[in-house]
Amino acid sequence: MLSEARNKTLTQVGAGTPMGDYLRRFWHPIAGAAEFDEKSVKAIRLMGEDLTLYKDLSGTYGLVDRHCPHRRADLSFGYVEDVGIRCNYHGWRMDETGACVEQPFEETYNPKGKLKDRCAITAYPVREVAGLLFAYMGPAPVPQLPIWEPFTWAHGFIEVITADVPCNWFQCQENSCDPVHFEWMHDNWSVRQRGELGPYAPKHFQVAFDEFEYGFTYRRRREGQEETDPMWTTGRVALWPNGFYLGGHFEWRVPVDDENTLSVAWFFTRLPIESEPIAPQKSFWWQAPIKDARGEWITSHVMNQDIVAWVGQGRVADRSKENLGASDRGIAMIRNRFFEEIEAVASGSEAKGVIRDEQTAQCPKLPIATVELFRDGLPRRDYLASKWFGPRIHDFRWHAGQPEHVRDAFRRAVLGEEYEGRIEALKAEDKARGD
Ligand code: FES
Ligand SMILES: [Fe+2]
């Protein structure tokens, strides 16, 4: 249980709030690079700031104020040039540093004028890594962007999936240190959604939470799992400050404002040996729906199930009314450490997990359970028969709504020369399954 005041400290994300200032010390993923295959400008709101994300004709990304410095038109209706974005109202042009680099009428009318010099707008650095666009919205000096080890893996099918989640980011992140919910929300609820009364999944009987350099780990044992099980020896990672890392994928809960979160997930699915070499690795991006065509919440897929839990806790979860138990030790741990971190940053210290050293940022390692699934390939036949990869050819279990062109590209990558002969049968199976 938390007082209202402490709950606000954890959940407010605007500039100048304690948590807002703390979160601004980190790079945050904000979009998929492949999103910019389809468009060049996008309105985006991050940590309470209305911004414009664009990719100019030279391929440079910019993240600048939503409003033009002239008379405040919305720059997300602007169009990109070789350098920067041009406002669609009177043609002023801004570059990725926020400098106003062109004012067409002013330059014609008064070539010696100095108006440009006082028209710079807010701008934040953007970098692309492994199909993700990351932004840094904090004070200088800009820290290193961590190239996490999985971003360096080869021969994978990479999907970046975004979803708009209408609740505060912190309740989403608490879910990253909550092993027991897997049993009830993902396993048993799925049984019940299939119309079956059981059997229920193996029960958790032991959980452990630890802190390490880049966040927390949780470990779990369920009935039938020995002490040598990778879920007990290694476990999963709640990545500082707002990530979740599960071996083959990352999830981030990026604050949009105090009441909305952008879910950004990065999936790496290792392809069969026969599909190598996969180069250059292309990434796919798609926006995942959270409601169906009738306006009902989607509850069939893992992250959709998580999302209904997060949103169900309220726009901003009221932590003064909860009752924590032994399963919530990880939750208490995150909160306590964040309170300490917020204070440390406010008094001028470095936030834990921020990387300044260029070398260290090249491939920081995270605890990875079952690394062989991602690093080593399987022959195609074993791949399709495996309980891990086999079902993926039919369904992407993490998020509902995988677009057909992405599913098709995945099948083509997995099946190689067998693809043409099998695609019609696979599509018929999709139809029979109601996809
Ligand atoms: S408002 Fe943007 S150029 Fe005039
Ligand atoms: Fe979950």
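Residues numbered from 1 in each chain as written. Chains lettered and ligands numbered in written order. Predicted model: local features only at pLDDT ≥ 70, side-chain atom pairs only at ≥ 80, totals over all residues.

### Brief notes about the domain arrangement of the chain
According to the domain assignment, the chain consists of domain 1 (35–130) and domain 2 (149–432). A C-alpha centroid distance of 34 Å is found between domain 1 and domain 2. Counting from both sides, the interface comprises 7 residues of domain 1 and, opposite them, 9 residues of domain 2. Its residues placed into classes, the side of domain 1 that touches domain 2 shows 4 nonpolar, 1 polar and 2 charged. (Domains from an automatic or database assignment. Contact = placed C-beta atoms within 7 Å. Nonpolar A, V, L, I, M, F, W, Y, C, P; charged D, E, K, R; others polar.)

### Notes on the environment of S58
With respect to the helices, strands and loops of the structure, S58 is situated in the loop between β3 (49–55) and β4 (61–65). In this structure the C-alpha to C-alpha distance between S58 and T17, which are 41 residues apart in sequence, comes to 36 Å. Beyond its immediate stretch of four places on either side in the chain, S58 contacts D82 and V83. (Helix = DSSP H or I, 4+ residues; strand = E, 2+ residues; numbered from the N terminus.)

### Looking at unusual backbone geometry
The residue after A140, namely P141, is reached through a cis peptide bond having omega -5 degrees. Residue position: P141 is located in the loop between β11 (132–136) and β12 (156–165). In this structure, M47 takes a positive phi of about 50 degrees despite not being glycine. In this structure, M47 sits in the loop between β2 (41–46) and β3. With a phi close to 70 degrees, R72 is a non-glycine residue in the positive phi region. Note on placement: R72 falls in the loop between β4 and β5 (79–80). On the neighbour-count criterion, R72 (12 C-beta atoms within 10 Å) is exposed. (Buried ≥ 20, exposed ≤ 12 C-beta atoms within 10 Å, placed from the backbone.)

### Here's the deal with helix α13 (residues 404–415)
An ideal rise of 1.5 Å per residue puts 16 Å on 12 residues; α13 measures up with 16 Å between its terminal C-alpha atoms. Turning to α13, its buried residues number three or more, namely R407, V414 and L415. Mapping the buried residues of α13 onto a view down its axis gives an arc of 85 degrees, with all of them on the same face. As for α13, its buried residues are in contact with α14 (419–432). Residue G416 follows α13 closely and has a positive phi angle near 55 degrees. (Expected span 1.5 Å × (residues − 1). Arc of directions from axis to C-beta.)

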